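Structural overview for review
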Amino acid sequence: MTDRSWPALDGNLCFLRQGISLLDQLGDATYASAVGRHSPVGAQYRHVLEHYQCLLTGLDDGCVDYDARARDPLIERDRGHALRTTRDLLQAIASLPPDPDLSLEVRMDCGGGGACPEWSRSSLGRELQFLASHTVHHYALIALLLEAQGEEVPADLGVAPSTLAHQRAGR
């Protein structure tokens, strides 16, 4: 595929832009404050960004390890740093090779215990599908955290594209 437009890429770009828009409207305290015993919005958002970073880091050697996240506390505490990081990621994701079939090996701990997780075959397109789903689900958690703080949340934040399409179709 040589067309620069492909749904998994476009969806991730949309989600990163949605993150920028969200961060632009949040205050620093809202971003970094815990909600009861739950982690702050910033911790959820950092988790999302670091998955994108893992993909980009792994492209050089074709091995993406989602457990090799930096867990950068600055991203989760400093909204401005999170914005800059998101803008950098948006640019990097937009510049990905236009090859959804690009072969990758991926791994992440899926909670089964025991030894280090095994590597699995995948592709750039499939990993972008994973990141889209992962991002939407963490945005849903972010929406709940924001609502618990009395913040107004965009109606589509954390809602899966298929659900939005289903709602538009009036089903």
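The structure this text deals with has already been given above.
So, here is what we can say about the structure in this document.

Calculation criteria
- Residues numbered from 1 in each chain as written.
- Predicted model: local features only at pLDDT ≥ 70, side-chain atom pairs only at ≥ 80, totals over all residues.
- Heavy atoms only, no water.
- Pairing = 2+ DSSP bridges.
- Helix = DSSP H or I, 4+ residues; strand = E, 2+ residues; numbered from the N terminus.
- Axes fitted to C-alpha atoms, helices over the stretch in contact; angles between N-to-C directions.
- Contact = heavy atoms within 4.5 Å.
- Expected span 1.5 Å × (residues − 1).
- Buried < 20%, exposed > 50% of the residue type's maximum accessible area, 1.4 Å probe, protein only.
- Core = buried A, V, L, I, M, F, W, Y, C linked by side-chain atoms within 4.5 Å.
- Phe/Tyr/Trp six-rings, centres within 6.5 Å; stacked < 30°, edge-to-face > 60°.

Thoughts on the sheet that holds strand S2 (residues 103-107)
The strand order S1-S2-S3 describes an open sheet built from three strands, whose pairing is mixed. Two strands in the sheet have a free side with no partner beyond their single neighbour: strand S1 (63-65) and strand S3 (120-123). Here the average twist between neighbouring strands, direction ignored, is 35°. Direction of pairing for S1 relative to S2: parallel, over a ladder of three bridges. The residue bridging aspartate 65 from the neighbouring strand is arginine 107, located in S2. Across the sheet, helix H3 (residues 41-58) is in contact with S1 and S2; its angle to S1 comes to roughly 155°.

Remarks on the pairing of S2
Inspection of the sheet shows S2 paired to S3 by four bridges, in the antiparallel sense. Counterpart to glutamate 105 in the pairing with S3 is arginine 121.

Here we look at H3
The terminal C-alpha atoms of H3, which comprises 18 residues, lie 26 Å apart, in line with the 26 Å expected from a rise of 1.5 Å per residue. Counted residue by residue, H3 has 15 buried out of 18 residues, so it is predominantly covered.

Here's the deal with the nonpolar core
With 44 residues, the main nonpolar core has Tyr31, Tyr45, Leu55, Tyr66, Leu124, Leu128 and Ile142 as its most contacted residues. Secondary-structure elements contributing two or more residues to this core are helix H1 (7-25), H3, helix H5 (79-94), S2 and helix H6 (124-148). The greatest single-element share of this core, amounting to 11 residues, is contributed by H6.

A short note on the packing of aromatic side chains
Applying the stated criterion across every chain yields a total of three aromatic pairs. Measuring from ring centre to ring centre gives 6.4 Å for tyrosine 45 and tyrosine 139, while their planes differ by 10°; the resulting arrangement is stacked. With tyrosine 45 in helix H3 and tyrosine 139 in helix H6, this residue pair connects regions lying 94 residues apart in the sequence. Classification of tyrosine 45 by relative accessible area gives buried; the value is 1%. When its relative accessible area of 1% is taken as the criterion, tyrosine 139 is described as buried. With 5.0 Å between their ring centres and 55° between their planes, tyrosine 66 and phenylalanine 130 make a pair best called tilted. Here phenylalanine 130 lies in helix H6 and tyrosine 66 lies in the loop between S1 and helix H4 (73-77), a separation of 64 residues in the sequence. Since its relative accessible area comes to 1%, tyrosine 66 is described here as buried.

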